[in-house]
Amino acid sequence: MKRSTAEHLARLLRDHRIVVRTRKERRALGCFRQAVFVLCWFIDGTRLAQLARDNSLSVSTAYRYLHQGLAVLAAGAPDLETALERAKAAGLTHLNLDGTVIRTDRVAAPGPNRADLWWSGKHKHHGGNVQVIATPDGWPIWVSPVRPGRDHDTTCARHHGLIDALNRIAAELNMPTLVDLGYENAGDGFRHPHKKPAAGELTEAQQTCNKVIRGTHGICERANSQRKTTSKALRRVSLDPSRITKIAAAAGP
């Protein structure tokens, strides 16, 4: 954990306390200690019960301090419209879209058709689906709210308005979005690898195209993987799955 990161979060917490008019000496932890507390959970994966003991806090107070820290970090994340406006202003050649499932310990929850709501059949564990838009170099510029892990990537993207928004920006600025086959038939603004026919082979041109798309889009997929590596909170969430929204937004952009 870098001290500069803790100091940045401490400033955000200080500003938040000023806004809500927190009186001095009314908190068990100062802004900097609370920032370290939150980052120990977020980056190092320290258990909340252990952090509560180490800081002489009740478990309920520890949860409150954690959620407050995540909220102030997530508040800095742009909405979809702002993120796309920034992409336009930067003159990017293309965008990347990738869905990632963040594992959760949440027990089974029945969905509308009695299917397990948070169970991801693809990944074989419970989790929440988060959509990430990234620049050509893999840097995330927008992170979606969480959707149940059973939802397909295209379903999640459509729910968040990404299909229409990214097709529109591709038509206006010739800025396509690179994706994997999970977004097949999403629209002309999306570029995904060619699917091998049931009976036959891909042409040489199609194979070359697939190599280019997968190689370029792979940068985004690696970036998502690295975020889980550097932030242990993104590997497995023991909180309510709805909290994944703020955890993912707090991690970036």
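Above this note sits the structure.
All values derive from a computational prediction rather than experimental measurement.

**Q** What should I look at first to understand the pairing of strand β3 (residues 125-134) in this one?
**A** Regular strands show a simple pattern: their side chains alternate between the two faces of the sheet. Summarising burial for β3: ten of the ten residues are buried, a large majority. The two faces of β3 match: H125, G127, N129, Q131 and I133 on one face and H126, G128, V130, V132 and A134 on the other face are all buried. Pairing of strand β1 (residues 95-104) with β3, which is carried by eight bridges, proceeds in the antiparallel orientation. Residue G99 lies in a different strand from β3, and its bridge partner there is Q131. Here strand β2 (residues 119-120) runs beside β3; their pairing, made up of two bridges, is antiparallel. Bridging from a neighbouring strand, W119 pairs with H126 of β3. Between the end of β2 and the start of β3, which pair antiparallel, lie four residues, with K124 showing a positive phi angle near 60°. Alignment of β3 against strand β5 (residues 147-148), held across two bridges, turns out to be antiparallel. Opposite N129, over in β5, you have R147 as the bridge partner. The pairing of β3 with strand β4 (residues 140-143) spans three bridges and is antiparallel. Residue pairing across strands places A134 opposite P140, the latter belonging to β4.

**Q** I'm lost on the layout of surface pockets in this one. Help?
**A** To locate leftover empty space, one rolls a probe as large as a water molecule over the atoms. Roughly 640 Å³ of volume is contained in the largest pocket. Considering the residues around the largest pocket, the lining is formed by 22 residues, among which W139, S231, A250, A251 and G252 are closest to the centre. Mapped by element, the contributors of at least two residues to the lining of the largest pocket are α1 (3-19), α2 (31-42), α4 (59-74), α8 (204-230) and α9 (244-251). In terms of lining residues, the second largest pocket is bounded by 16 residues, among which W41, T46, R47, L48 and S238 are the most central.

Scoring rules and cut-offs
- Residues numbered from 1 in each chain as written.
- Predicted model: local features only at pLDDT ≥ 70, side-chain atom pairs only at ≥ 80, totals over all residues.
- Heavy atoms only, no water.
- Buried < 20%, exposed > 50% of the residue type's maximum accessible area, 1.4 Å probe, protein only.
- Helix = DSSP H or I, 4+ residues; strand = E, 2+ residues; numbered from the N terminus.
- Pairing = 2+ DSSP bridges.
- 1 Å grid on protein atoms, 1.4 Å probe; cavity = no way out; pocket = protein on both sides within 12 Å on 5 of 7 lines; lining within 4 Å.
- Points joined across faces, edges and corners; volume = space filled by probe spheres on them.

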